[in-house]
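A structural walkthrough
Below, each chain spelled out in residue letters.
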Amino acid sequence: MRRSVGLGLLMTLACPLVVAGQGVPAADSLAKAASAASAANTVAINFVWTLVAGFLVMFMQAGFAMVETGFTRAKNAAHTITMNFMVYGIAMLAYWAVGFALQAGGVGPLGTLGGYDKLAHEVSITIAGKEWGLFGGTGFFLTGVAYTAPVFAYFLFQMVFMDTAATIPTGALAERWKFSAFAVFSVFVGAVIYPIYANWTWGGGWLAMLGKNLGLGHGHVDFAGSSVVHMTGGVMAFVTAALLGPRRGKYNADGSVNAIPGHNIPMALIGTFILAFGWFGFNAGSTLAGSDLRIGVIATNTMLAGAAGGITSMLYMWFKYGKPDPSMMANGTLAGLVAITAPCAFVTAPSAVLIGGIAGVLVCVAVFFIDGKLRIDDPVGAISVHGVNGLWGILALGLLADGTYGDGWNGVNGAVRGLFYGDASQFVAQAIGGVANVVGVGAMAFVAYKVTAFVVGGHRVAPEVEELGLDLPEMGALAYPDSPEVASAVILRETASRGVGHLEPEPEAV
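The paragraphs below set out a description of the structure included in this document. Just so it is clear, the structure is predicted and the values come from calculations on it, not from any experiment.

A word on the pairing of strand S2 (residues 130–136). Pairing of strand S1 (residues 122–127) with S2, which is carried by six bridges, proceeds in the antiparallel orientation. Residue pairing across strands places Glu122 opposite Gly136, the latter belonging to S2. Hairpin connection, S1 to S2: the antiparallel pair is bridged by two residues, and Ala128 has positive phi, about 55°.

Okay, here's the thing in structure tokens:
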């Protein structure tokens, strides 16, 4: 009996020791499982955030369509809005087939989306022992190593950014651009022009390596696309609008400028609201991480800069010309949003207001300079909004980045700092990125324009088509069939006695 009791007591004492001995590995296993689940949840959150942000940016296409159509004449409304509609599909498929691989084929690991690392083929050259990337080389048609969920999510987000750039020239060339020429040129934008510069900045290309290779800050930094998206679109618009020439009746023989008002200002202002809404996805979504709490700073800076741009453009026009001008308020708001797109993650709220406020004035000055001095006809102000203020945005980052964010950006340790916060070399890298955009994108746009002209037989519609409106001759449908506004045509005095059916074709500007 005593022996049984003794064994029982021994077992009772031993059991806690056994359980305690097994508790450490059990706790480690539980901690590892919890860590793995947390990491998986973080990746899932990042996936959802990136996709939702991409959906917001896609809806910006509707905003662009309304802004550009509202700022053009009723007789061309169907043509203008159809270009905005179809650029989405045309440029997208070109980007899917070729452009995405050129941009992101060497981007490296997609850290926030699970770490997929097979997009690692960057075509580069070696100079002085340093690698300088030129374009990516894998991911064509989203097949092969690119056939995976992280790449598909990344493709969707990057594609809608490309399409934003592709739609900018449609406004600058509106009311005289052949639809066939628009379609072919848009293929070049999606397949080559946008992806190449995007690779240089976002795909591990040579502009991104200015920091690691030459010690110029963190290389060319553009958080969400002031240069990659907007300046690229603006430079394409500048080159092609200069080549295409002004609308008939825009300039008089003595060099004076005729205003050609848009037909629907409310449509343009509603489109501006849509763009401002989508911009939250544009900028905050560029973290590619809903788990990055900086999205709160980015979204608020975006909102502040847009408001400041609208206010300063209103005040500038009011004081200088006596009226606030709704069209300039819209363009001022958009200019503020364009300018904050590059520095939105790196600057304080007062800096965001300053950047947007300067952009609002800058767009007004640029519109009148380009229109009156350079004599480049841009019906919607796209060159000034996107090109000029895209440049201002990247330079503003080089001045005002405050060193609180961006540690490790482009492989450089430490946060991103601008000139006013102790790093003059960052401003140099920003300026180099701007020059590279003007030269590189400008040259590619020039070549694409000439090749397109050869393929479709010129870019410009016939003079009589331009006079009567592009809707029926180009599209086969009127935007407003019940009330066609033929009176909105600009009829030149010397052609009035001959009739528009006998107008002589004008040569394209070269």
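Past the structure itself, the notes keep going.
With that settled, the discussion passes to the side chain of Thr80. Here Thr80 is to be found in helix H2 (residues 77–104). The class for Thr80 is buried, based on a relative accessible area of 0%. Not counting chain neighbours up to four residues away, the residues in contact with Thr80 comprise Glu68, Thr69, Thr72 and Ala174.

Right, let's talk about the pattern of salt bridges for a bit. Where charged atoms of side chains with opposite charge meet at close range, the side chains can pair. Inspection of every chain in the model, using the stated rule, returns seven salt bridges. Between Lys118 and Asp117 there is a salt bridge; the shortest N-O distance is 3.1 Å. The salt bridge partner of Glu175 is Arg247, with a shortest N-O separation of 2.4 Å. In this pair, Glu175 sits in the loop between helix H3 (149–172) and helix H4 (179–202) while Arg247 sits in the loop between helix H6 (226–244) and helix H7 (265–284), placing the two residues 72 residues apart along the sequence. Neither Glu175 nor Arg247 differs from the other in exposure class; each is buried. Through salt bridges with shared partners, a single network forms among Arg73, Glu175, Arg247 and Asp377.

A word on the packing of helix H8 (residues 295–321) against helix H10 (residues 349–373). Contact geometry for H8 and H10: axes closest at 7 Å, N-to-C directions at 40°. Considering the angle they form, H8 stands oblique to H10. The hand of the H8/H10 crossing is right-handed. Contacts from Asn301, Leu304, Ala305, Ala308, Gly309, Thr312, Ser313, Tyr316, Met317 and Tyr321 in H8 reach Ala349, Ala352, Val353, Gly356, Gly357, Gly360, Val361, Cys364, Val365 and Phe368 in H10. When its residues are assigned to classes, the contact of H8 with H10 shows 13 nonpolar, seven polar and no charged.

A few words now on the side chain of Ser384. The residue Ser384 is located in helix H11 (residues 382–400) in this model. Setting aside its immediate chain neighbours within four residues, Ser384 contacts Val363, Ala366, Val367, Ile370, Asp378 and Asn389.

On to the layout of surface pockets, then. Reported here for the largest pocket is a volume of approximately 790 Å³. Lining the largest pocket are 29 residues, with Tyr154, Trp202, Ser286, Leu288 and Trp409 sitting closest to its centre. Breaking the lining of the largest pocket down by element, the ones donating at least two residues are H3 and H4. For the lining of the largest pocket, the element with the highest residue contribution is H3, accounting for four residues. Looking at the lining of the largest pocket residue by residue, the classes come out as 15 nonpolar, twelve polar and two charged. Taken as a whole, the second largest pocket spans an internal volume of roughly 610 Å³. Taken together, 28 residues make up the lining of the second largest pocket; nearest its centre are Lys250, Ile260, Ser327, Val367 and Pro379. Elements that contribute at least two residues to the lining of the second largest pocket include exactly helix H9 (326–340), H10 and H11. Broken down by class, the residue content of the lining of the second largest pocket amounts to 15 nonpolar, seven polar and six charged.

Below, the discussion takes up the nonpolar core. Ranked by size, the top nonpolar core spans 118 residues in total, and within it Phe100, Phe161, Tyr194 and Phe346 carry the most contacts. Here Phe346 is in contact with Val221, Phe223, Arg294, Leu397, Leu400, Ala401, Asp402, Tyr405, Gly406, Trp409 and Val416, once residues within four sequence places are set aside.

Taken together, the side chains of Phe446, Val447, Val451, Phe454 and Val455 make up a nonpolar region of the molecular surface, amounting to roughly 510 Å² of accessible area. Inspection of the secondary structure assignment puts Phe454 in helix H12 (residues 424–456).

Let's shift gears to the environment of Cys344. With respect to the element layout, Cys344 can be found in the loop between H9 and H10. Judged by relative accessible area, which is 0%, Cys344 ranks as buried. Spatially, the C-alpha atom of Cys344 lies 7.2 Å from that of Asn283, the residues being 61 residues apart in sequence.

Quick look at empty space enclosed by the protein now. Tallied over the entire structure, the rule returns two cavities of 30 Å³ or more. Phe64, Val67, Glu68, Ile168, Leu275, Asn331, Leu334, Val380, Gly381, Ala382, Val385 and His386 together form the lining of the largest cavity. Among the elements of the structure, helix H1 (2–70), H9 and H11 are those that each provide at least two residues to the lining of the largest cavity.

Okay, the packing of H6 against H11 next. Contact geometry of H6 with H11 gives a least axis separation of 7 Å together with a crossing angle of 140°. Classified by the interaxial angle, the pair formed by H6 and H11 is oblique. Considering how the two elements wind past one another, H6 and H11 form a crossing that is left-handed. Contacts from Ser226, Ser227, His230, Met231, Gly234, Ala237, Phe238 and Ala241 of H6 reach H11 at Ile383, His386, Gly387, Gly390, Leu391, Gly393 and Ile394.

Rules used in this analysis
Residues numbered from 1 in each chain as written. Predicted model: local features only at pLDDT ≥ 70, side-chain atom pairs only at ≥ 80, totals over all residues. Heavy atoms only, no water. Pairing = 2+ DSSP bridges. Helix = DSSP H or I, 4+ residues; strand = E, 2+ residues; numbered from the N terminus. Buried < 20%, exposed > 50% of the residue type's maximum accessible area, 1.4 Å probe, protein only. Contact = heavy atoms within 4.5 Å. Salt bridge = Lys/Arg side-chain N within 4 Å of Asp/Glu carboxyl O. Axes fitted to C-alpha atoms, helices over the stretch in contact; angles between N-to-C directions. Parallel < 35°, antiparallel > 145°, perpendicular 65-115°, else oblique. Left-handed = near helix turned anticlockwise from the far one by under 90°. Nonpolar A, V, L, I, M, F, W, Y, C, P; charged D, E, K, R; others polar. 1 Å grid on protein atoms, 1.4 Å probe; cavity = no way out; pocket = protein on both sides within 12 Å on 5 of 7 lines; lining within 4 Å. Points joined across faces, edges and corners; volume = space filled by probe spheres on them. Core = buried A, V, L, I, M, F, W, Y, C linked by side-chain atoms within 4.5 Å. Patch = residues over 30% accessible without salt bridge, like charges linked within 9 Å, V, L, I, M, F, W, Y side chains within 5 Å. Areas by Shrake-Rupley, 256 points an atom, 1.4 Å probe, with all protein chains shown as cover.

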